[in-house]
Number of protein chains: 2
Amino acid sequence: MHVLIIGAAGMVGRKLTERLVADGGLGGKEIARLTLADMFEPAAPAGFSGKVSTLVADLSEPGTAARLVADRPDVIFHLAAIVSGEAEADFDKGYRINLDGTRYLFDAVRLEGQKAPYRPRLVFTSSIAVFGAPFPDAIADDFFTTPLTSYGAQKAIGELLLADYTRRGFFDGVGIRLPTICIRPGKPNKAASGFFSNILREPLAGQEAVLPVSTDVRHWHASPRAAVGFLKHAATIDGETVGPRRNLTMPGLSATVGEQIEALRRVAGEKAVKLIRHEEDPTIVRIVAGWPRNFDPARALSLGFKADASFDEIIRIHIDDELGGKIGA
Amino acid sequence: MHVLIIGAAGMVGRKLTERLVADGGLGGKEIARLTLADMFEPAAPAGFSGKVSTLVADLSEPGTAARLVADRPDVIFHLAAIVSGEAEADFDKGYRINLDGTRYLFDAVRLEGQKAPYRPRLVFTSSIAVFGAPFPDAIADDFFTTPLTSYGAQKAIGELLLADYTRRGFFDGVGIRLPTICIRPGKPNKAASGFFSNILREPLAGQEAVLPVSTDVRHWHASPRAAVGFLKHAATIDGETVGPRRNLTMPGLSATVGEQIEALRRVAGEKAVKLIRHEEDPTIVRIVAGWPRNFDPARALSLGFKADASFDEIIRIHIDDELGGKIGA
């Protein structure tokens with residue numbers, strides 16, 4: 001089979017690529033060909049026996065999407081997007097990349113199918129940003145999408161297009177709303193959500209981290225490994241079982257910052273916890289107050305999507321996958 | 001004030017125009033100028049003392065929207081759309097007119113505001129087609145939008161754009177989801193929903209009508225007069241009170257076909273009822289089974305939107321407004 005990953009150079013795209021290469025297949029079928037596309041050239045994975053193409057592609061340029069699907073990949077992962085902060089700061093760019101780019105891709109698949117029958121599985125990463133406060137304590141699957149960011153609006157529109165194009169038979173789409181990824185590897189960044197990862201990742205590496213909110217803040221998390229699991233499952237699940245409602249809130253772990261810290265204490269000891277400095281940031285406190293705290297993702301669970309078992313596990317996954325199994329100095 | 005109606009030649013557009021001309025104003029302000037646009041030239045209303053422009057405009061052609069908003073109307077009614085059946089039959093046309101056309105309009109207002117501050121009230125007619133079965137018995141305001149038609153998807157996307165553009169301050173938008181309009185004046189048409197009007201309108205004119213479903217089918221209705229009332233209220237309501245959730249399910253009358261017929265009997269007598277011939281159409285039965293039956297439009301009610309009081313009233317409105325107060329032969 002031929003797998004196309006759009007947005008392959010991002011954190012989730014890289015981890016998905018590594019996993020598919022390690023597995024050698026998807027849903028019991030061998031992967032003979034892997035096409036990796038992104039705005040920046042993705043790294044070719046080591047140890048893959050099939051054919052790999054890496055290419056620089058801007059989905060928001062008309063014509064790019066048609067080129068990407070011309071070889072008729074069997075599975076398309078559409079992970080490409082600019083993030084919430086950038087989509088908010090640059091209105092035109094957000095709509096061009098997150099909305100127009102997605103629509104160009106969907107239309108390219110549709111038009112490819114007009115030449116000869118073609119109906120690939122298309123996995124679209126949406127986000128819990130499609131929801132906007134106020135929320136119930138646990139957001140059910142039938143709760144409405146009233147985003148409070150342009151990014152959330154763009155993702156919610158992508159979901160509607162995905163469902164309609166799937167209903168019309170142009171492709172077989174599954175949209176998955178990812179929880180906040182924790183522990184996000186790499187350097188601390190300026191995303192308002194960054195601290196959820198910083199307060200674990202930095203102490204595990206022997207570095208200080210700042211906690212800008214109170215320890216009773218509750219949020220919805222999934223490890224990078226769980227996120228890759230969601231993507232693989234979404235690529236192989238029976239489309240008939242999903243039915244016409246193609247967009248699913250992924251299961252996650254609802255935890256308070258205090259619970260995150262207690263897990264850190266259990267896994268890495270008091271020394272790690274002492275590296276967290278509490279320094280309230282009123283701006284971040286205000287932003288985070290508008291975020292979802294918990295979900296009831298009954299449909300995704302019944303369809304076999306699996307969340308991390310505990311925050312201890314989330315921390316151990318980071319130690320295994322990013323730190324070579326060892327907690328830093 | 002200057003009022004622009006896009007889609008002014010349609011049934012609701014004509015009734016809104018008549019009403020605004022009869023009122024002479026909107027929300028206590030005199031209407032000095034009225035611009036009426038549609039794919040077909042709208043009729044200039046009689047008896048209007050202000051300036052009227054009528055123009056043929058295809059919103060889905062780039063540049064049209066900019067021309068429409070160049071004179072900075074204070075209130076914009078965006079009623080233009082192709083209907084559900086046509087959007088389903090012609091995928092490209094549906095997206096071009098119902099999605100691209102709407103987005104061009106919203107962007108034209110945004111770009112006009114970049115020249116000098118401009119923030120008109122923009123009223124967008126959405127539809128209960130944004131909902132897709134299965135439903136609860138009464139659909140609450142926080143129920144999710146999972147349309148089962150391309151028309152419904154296009155309207156749901158328009159709603160998301162409206163809310164985001166309003167949040168960003170580009171205009172002051174209110175989206176209203178109209179119930180099925182009953183009694184729709186004119187000739188019987190092929191719309192699957194046509195019978196809800198046909199079984200009343202035709203007997204009131206002394207003509208036979210066919211009922212293709214059983215009398216226990218329940219649906220959600222509003223008279224043309226109520227729809228015009230919703231539009232006027234949406235144009236004048238306090239935007240602050242609406243808050244960030246800009247799209248509202250309008251109140252309607254939930255009634256079974258049997259209740260419609262009983263109202264006809266009370267208003268027009270047994271002779272009218274006898275003109276309804278029951279002839280089941282399995283296709284229409286199947287389509288209608290997927291439609292909403294009832295809503296709990298708490299937010300719209302609390303914001304002062306008012307439904308028709310009874311089906312007797314809906315019938316009397318038709319007799320007053322379309323039949324000159326008299327029931328036909």
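Residues numbered from 1 in each chain as written. Chains lettered and ligands numbered in written order. Predicted model: local features only at pLDDT ≥ 70, side-chain atom pairs only at ≥ 80, totals over all residues. Heavy atoms only, no water.

**With respect to the overall build of chain A**
Across its full length, chain A carries 13 helices and 16 strands. Radius of gyration (C-alpha) of chain A: 20 Å, near the 20 Å computed for a compact globule of 329 residues. In terms of overall dimensions, chain A has a C-alpha envelope of 60 × 45 × 40 Å along the principal axes. Counting only residues that meet the buried cut, chain A has 57% of its 329 residues in that class. Of the contacts made within chain A by residues no fewer than 6 positions apart, 76% connect residues no fewer than 24 positions apart. Here chain A holds 39 positive side-chain charges and 40 negative ones, and the gap between their average locations is 3 Å. (Helix = DSSP H or I, 4+ residues; strand = E, 2+ residues; numbered from the N terminus. Rg over C-alpha atoms; globule rule 2.2 N^0.38 Å. Buried < 20%, exposed > 50% of the residue type's maximum accessible area, 1.4 Å probe, protein only. Contact = heavy atoms within 4.5 Å. Lys, Arg positive; Asp, Glu negative; His and termini not counted. Charge placed at Lys NZ, Arg CZ, Asp CG, Glu CD.)

**Quick look at the interface of chain B and chain A**
With 35 residues of chain B at the interface, the matching set in chain A holds 35 residues. Overall, the association of chain B and chain A removes approximately 3000 Å² of surface from exposure, summing both partners, and the carbon and sulfur fraction of that is 53%. Summed over the shared surface of chain B and chain A, the number is eight salt bridges. Residue Glu88(B) pairs with Arg167(A) through a salt bridge whose shortest N-O separation is 2.8 Å. The tally of links from chain B across to chain A stands at 26 residue pairs in polar contact (both at pLDDT 80 or more). The set of elements that each furnish at least two residues to the side of chain B that touches chain A consists of helix 3 (84-89), helix 4 (91-115) and helix 5 (150-167) of chain B. (Buried area = accessible area lost by both parts, 1.4 Å probe. Salt bridge = Lys/Arg side-chain N within 4 Å of Asp/Glu carboxyl O. Polar contact = N/O pair within 3.5 Å; in protein donor to acceptor, adjacent residues only side chain to side chain.)

**Digging into the pattern of salt bridges**
Evaluated as defined, the whole model comprises 50 salt bridges over all chains. Ionic pairing is found between Glu270(A) and Arg265(A), a salt bridge with its closest N-O pair at 2.3 Å. Across the salt bridge formed by Asp23(B) and Lys232(B), the nearest N and O atoms sit 2.5 Å from each other. With Asp23(B) in helix 1 (residues 11-23) and Lys232(B) in helix 7 (residues 224-236), the pair connects residues that are 209 residues apart, well separated along the chain.

**Describing the nonpolar core**
Formed by 74 residues in total, the largest nonpolar core has its most connected members in Ile76(A), Leu122(A), Ile76(B) and Leu122(B). With residues up to four places along the chain from it excluded, the contact list for Ile76(B) reads Leu4(B), Ile6(B), Val69(B), Leu105(B), Val109(B), Tyr118(B), Pro120(B), Arg121(B), Leu122(B) and Val123(B). (Core = buried A, V, L, I, M, F, W, Y, C linked by side-chain atoms within 4.5 Å.)

**Brief notes about the relation of the copies chain B and chain A**
Least-squares fitting of chain B to chain A yields an RMSD of 0.0 Å, with the transformation described by 0.0 Å of translation along the axis and a rotation of 180°. The operation mapping one copy onto its partner corresponds to a two-fold rotation axis. No C-alpha of chain B lies nearer the rotation axis than that of Phe144(B), which sits 2.0 Å from it. Most of the interface of chain B is mirrored in chain A, where 100% of its interface residues again form contacts. (Least-squares fit on C-alpha atoms with pLDDT ≥ 70 in both.)

**Re the environment of Ile237(B)**
Residues and elements named next belong to chain B. Along the polypeptide, isoleucine 237 turns up in the loop between helix 7 and helix 8 (239-242). On a C-alpha basis, the gap between isoleucine 237 and valine 174 in space is 9.0 Å, while along the polypeptide they are 63 residues apart. Aside from chain neighbours lying at most four places away, what touches isoleucine 237 is Arg121, Val174, Val242, Leu303 and Phe305.

**Quick look at unusual backbone geometry**
Residues and elements named next belong to chain A. Put simply, alanine 133 and proline 134 share a cis peptide bond, and its omega is 0°. Position of proline 134 among the secondary structure elements: in the loop between strand 7 (121-127) and strand 8 (139-140). A positive phi angle, near 55°, is found at arginine 72, a position not held by glycine. Structurally, the position occupied by arginine 72 is in the loop between helix 2 (64-69) and strand 6 (75-78). Note on arginine 72: relative accessible area 24%, which makes it partly exposed.

**Looking at the packing of aromatic side chains**
In the structure shown here, the tally under the stated rule is 32 aromatic pairs over all chains. Here the aromatic rings of Phe91(A) and Phe170(B) are separated by 4.9 Å at their centres, their planes lie at 85°, and the arrangement is edge-to-face. Of this pair, Phe91(A) sits in helix 4 (residues 91-115) while Phe170(B) sits in the loop between helix 5 and strand 9 (172-178), which puts the two residues in different chains. Looking at Phe170(B), the relative accessible area reads 18%, which means it is buried. Through successive ring pairs, a cluster of aromatic residues spans Phe91(A), Tyr95(A), Phe106(B), Phe124(B), Tyr165(B), Phe170(B) and Phe171(B). Stacked on the ring of Phe170(A), the Lys or Arg Arg110(A) has its end atom at 5.7 Å from the ring centre. (Phe/Tyr/Trp six-rings, centres within 6.5 Å; stacked < 30°, edge-to-face > 60°. Lys NZ or Arg CZ within 6 Å of the ring centre and 35° of its normal.)

**Considerations on helix 5 (residues 150-167) of chain A**
All names here are of chain A. Taking 1.5 Å of rise per residue, 18 residues should cover 26 Å, and helix 5 covers 26 Å from first to last C-alpha, within 8% of that figure. The buried fraction of helix 5 is high, at 17 of 18 residues. Where helix 5 terminates, the next one or two residues include glycine 169, which has phi positive at roughly 85°. (Expected span 1.5 Å × (residues − 1).)

**Details of the environment of Phe295(A)**
Residue and element names in this part refer to chain A. Locating phenylalanine 295 in the fold gives a position in strand 16 (residues 295-296). Along the primary structure phenylalanine 295 and glycine 24 are separated by 271 residues, whereas in three dimensions their C-alpha atoms are 33 Å apart. In this view, phenylalanine 295 contacts Ile128, Phe131, Ala138, Ile139, Trp220 and Thr249; residues no more than four positions away in its chain are not counted.

**Here we look at the pairing of strand 4 (residues 33-38) of chain B**
Residue and element names in this part refer to chain B. With six of its six residues buried, strand 4 lies for the most part within the structure. Neither face of strand 4 is exposed, since Arg33, Thr35 and Ala37 on one face and Leu34, Leu36 and Asp38 on the opposite face are all buried. The pairing of strand 1 (residues 2-6) with strand 4 spans five bridges and is classified as parallel. Each bridged residue has a counterpart across the sheet, and for leucine 4 the counterpart in strand 4 is threonine 35. Alignment of strand 4 against strand 5 (residues 51-56), held across six bridges, turns out to be parallel. Across the sheet, the residue bridging to leucine 36 is threonine 54, located in strand 5. (Pairing = 2+ DSSP bridges.)

**Description of the sheet that holds strand 5 (residues 51-56) of chain A**
All names here are of chain A. Sheet architecture is open: seven strands sit in the order 5-4-1-6-7-9-13, paired in parallel fashion. The sheet is open, and its two edges are formed by strand 5 and strand 13 (247-249), each paired on a single side. Each strand axis lies, on average, 15° off the axis of its neighbour in the sheet, ignoring direction. Pairing geometry for strand 9 (residues 172-178) and strand 13, over three bridges, is parallel. (Axes fitted to C-alpha atoms, helices over the stretch in contact; angles between N-to-C directions.)

**Some words on the sheet that holds strand 10 (residues 180-181) of chain B**
Residues and elements named next belong to chain B. Ordered in space as 10-12-14, the three strands form an open sheet in which the pairing is mixed. Each edge of the open sheet is held by one strand with a lone partner, namely strand 10 and strand 14 (253-256). With four bridges connecting them, strand 12 (residues 218-222) and strand 14 associate as antiparallel partners. Each residue of the ladder has a partner; that of arginine 218, found in strand 14, is threonine 256.

**Overview of the side chain of Ser126(A)**
Residues and elements named next belong to chain A. Tracing the chain through its elements places serine 126 in strand 7. Of the residues examined, serine 126 reaches a relative accessible area of 4% and is grouped as buried. Aside from chain neighbours lying at most four places away, what touches serine 126 is Lys155, Glu159, Ile176, Arg177 and Leu178.

Everything listed is a geometric property; what it means functionally is a separate question.
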